[in-house]
Amino acid sequence: ARKFNGAELQAKVLTELANKVLSGRNTSFALELLSEASEITFKAESSPDKANLLLTIAEQFCRFDSIRGFESLGSALKTINQLKSAETPALSALVKPRPLRIKTYTVLNGNEFSASDRATAESINFSQIAPFVAQDYIQTRLLSNKLEQPLWRTKFLTAVGSAMLRTVPTRPESRLTSAN
């Protein structure tokens, strides 16, 4: 993974490798991979890519170390607060769009990675927080208070609510019976 160009691509590959290692229950090696991915990601500038990576790393940590997972989730939320509102550059009538764009993809474990694909602020949907909701709903819900922008907070709470609705109850359902 260290041979890939671009720190973000390296971190994505390390995170995906950790996911594969975790499926084999090797948590110590997964911890090393995720720690290295975290170090690489923390050095990057605040961007939607960095926020998505930190959310994915937090999700992976949560699978075997909830404390480290919640710490990583807090770091991701700090990064999201640092994102600038997206300013779309005005298109000029004199500038033509490029007719051909060449991209290189690396496929690992069935997932495609590319250094040229960039996340946008709109692509952050907090889908990675489902394991946190299953572990500790209250703490996950309270983390939404760390988000400064109301839109981010709403997206986060929507993800918390949908994750809560998707969780399967672990106890048998109670049946209502009539008193008559």
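Undergrad: What should I look at first to understand the overall build of the chain in this one?
TA: Helix and strand counts for the chain stand at 7 helices and 2 strands. Walking the chain from its N terminus toward its C terminus, one meets helices and strands in the order α-α-α-α-β-β-α-α-α. Put simply, the chain has 180 residues, and 34% of those count as buried. Looking at the chain alone, contacts between residues at least 24 apart form 66% of all its contacts between residues at least 6 apart. Per element, the accessible surface of the chain, about 12,200 Å² overall, is 53% carbon and sulfur.

Undergrad: Can you help me understand the side chain of Ser72 in this one?
TA: Positionally, Ser72 belongs in helix H4 (residues 66-82). Given a relative accessible area of 8%, Ser72 falls into the buried group. Apart from residues no more than four positions distant in its own chain, Ser72 is found in contact with Leu54, Ala58 and Phe61.

Undergrad: When you look at the side chain of Thr41 in this model, what are you seeing that I'm missing?
TA: As for its position among the elements, Thr41 is in helix H2 (residues 27-43). In terms of polar contacts, Thr41 uses its side chain to reach the backbone carbonyl oxygen of Ala37, at 2.7 Å. Residues within four places of Thr41 in sequence aside, it is in contact with Ala11, Lys50, Leu53, Leu54 and Ile57.

Undergrad: Any chance you could explain the packing of aromatic side chains here in plain terms?
TA: One pair of aromatic rings is described through two measures. These are the centre distance and the angle between the planes. This model, assessed by the stated rule, comprises 4 aromatic pairs. Relative to Phe64, the ring of Phe61 has its centre 6.0 Å away and its plane inclined at 50 degrees; by these criteria the two rings are tilted. By relative accessible area, Phe61 is classed as buried at 0%. Given a relative accessible area of 26%, Phe64 falls into the partly exposed group. Of the aromatic side chains, those joined through ring pairs into one cluster are Phe126, Trp152 and Phe156.

Undergrad: Would you mind going over the packing of helix H1 (residues 7-23) against helix H3 (residues 48-62) with me for this structure?
TA: Between two packed helices, both the angle of their axes relative to each other and the distance between the axes serve to describe the pair. Relative orientation of the contacting elements H1 and H3 amounts to 15 degrees, with a least axis distance of 10 Å. With respect to each other, H1 and H3 are oriented roughly parallel. Handedness of the crossing formed by H1 with H3: left-handed. Judged by residue contacts, Glu8, Ala11, Lys12, Thr15, Asn19 and Leu22 of H1 engage Asp49, Lys50, Leu53, Thr56, Ile57 and Gln60 from H3. Here the residues of the contact of H1 with H3 sort into 4 nonpolar, 4 polar and 4 charged.

Undergrad: Would you mind going over unusual backbone geometry with me for this structure?
TA: Excluding glycine, residues mostly have negative phi values, and the peptide bonds linking residues are mostly trans. The phi angle at Arg25 is positive, at roughly 65 degrees, despite the residue not being glycine. In this fold, Arg25 is placed in the loop between H1 and H2. The class of Arg25 is exposed, set by a relative accessible area of 72%. Of note in this structure, Phe126 is not a glycine but carries a positive phi near 60 degrees. Inspection of the secondary structure puts Phe126 in the loop between strand E2 (111-113) and helix H5 (130-135).

Rules used in this analysis
- Residues numbered from 1 in each chain as written.
- Predicted model: local features only at pLDDT ≥ 70, side-chain atom pairs only at ≥ 80, totals over all residues.
- Heavy atoms only, no water.
- Helix = DSSP H or I, 4+ residues; strand = E, 2+ residues; numbered from the N terminus.
- Buried < 20%, exposed > 50% of the residue type's maximum accessible area, 1.4 Å probe, protein only.
- Contact = heavy atoms within 4.5 Å.
- Areas by Shrake-Rupley, 256 points an atom, 1.4 Å probe, with all protein chains shown as cover.
- Polar contact = N/O pair within 3.5 Å; in protein donor to acceptor, adjacent residues only side chain to side chain.
- Phe/Tyr/Trp six-rings, centres within 6.5 Å; stacked < 30°, edge-to-face > 60°.
- Axes fitted to C-alpha atoms, helices over the stretch in contact; angles between N-to-C directions.
- Parallel < 35°, antiparallel > 145°, perpendicular 65-115°, else oblique.
- Left-handed = near helix turned anticlockwise from the far one by under 90°.
- Nonpolar A, V, L, I, M, F, W, Y, C, P; charged D, E, K, R; others polar.

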